[in-house]
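An overview of the molecular structure
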Amino acid sequence: MKKGFVIEQALLHHLQAITELPEDVLIPPRLIITGDSGQRVLERLDAKEQPNQAMQTLFDEPLEPVPGDPA
């Protein structure tokens, strides 16, 4: 397969998904942050806090295998 064909098919599938999925489940492709919110993110990263229980639970869940992935 040619790269152009694969890219075109991926783009077509993406556009179809955008039209078929409800708006509230779509995640914007970019995050726009202000200087203040960016500073808060940096402060949180520097704090080296331990993850809370919800985050620990999320990361402890086993990953589901991707169909067709040789793992």
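First things first, this report covers the structure right here in the doc. (Residues numbered from 1 in each chain as written. Predicted model: local features only at pLDDT ≥ 70, side-chain atom pairs only at ≥ 80, totals over all residues. Heavy atoms only, no water.)

1. Comments concerning the environment of P65
Note on placement: P65 falls in the segment after α3 (53–60). Separated by 61 residues in the primary sequence, P65 and G4 have C-alpha atoms spaced 28 Å apart. (Helix = DSSP H or I, 4+ residues; strand = E, 2+ residues; numbered from the N terminus.)

2. Digging into the pattern of salt bridges
What the rule picks out here adds up to 1 salt bridge. Ionic pairing is found between R44 and E49, a salt bridge with its closest N-O pair at 3.4 Å. (Salt bridge = Lys/Arg side-chain N within 4 Å of Asp/Glu carboxyl O.)

3. Observations regarding the environment of I32
Mapped onto the fold, I32 is located in the loop between α1 (3–20) and α2 (35–47). In this structure I32 comes out as exposed when scored by relative accessible area, which is 81%. Separated by 10 residues in the primary sequence, I32 and L42 have C-alpha atoms spaced 15 Å apart. (Buried < 20%, exposed > 50% of the residue type's maximum accessible area, 1.4 Å probe, protein only.)

4. Observations regarding a nonpolar patch on the surface
Taken together, the side chains of L11, L15, I18, L21, V25 and L26 present a nonpolar region at the surface, about 490 Å² in accessible area. Along the polypeptide, L26 turns up in the loop between α1 and α2. Classification of L26 as partly exposed rests on a relative accessible area of 34%. (Patch = residues over 30% accessible without salt bridge, like charges linked within 9 Å, V, L, I, M, F, W, Y side chains within 5 Å. Areas by Shrake-Rupley, 256 points an atom, 1.4 Å probe, with all protein chains shown as cover.)

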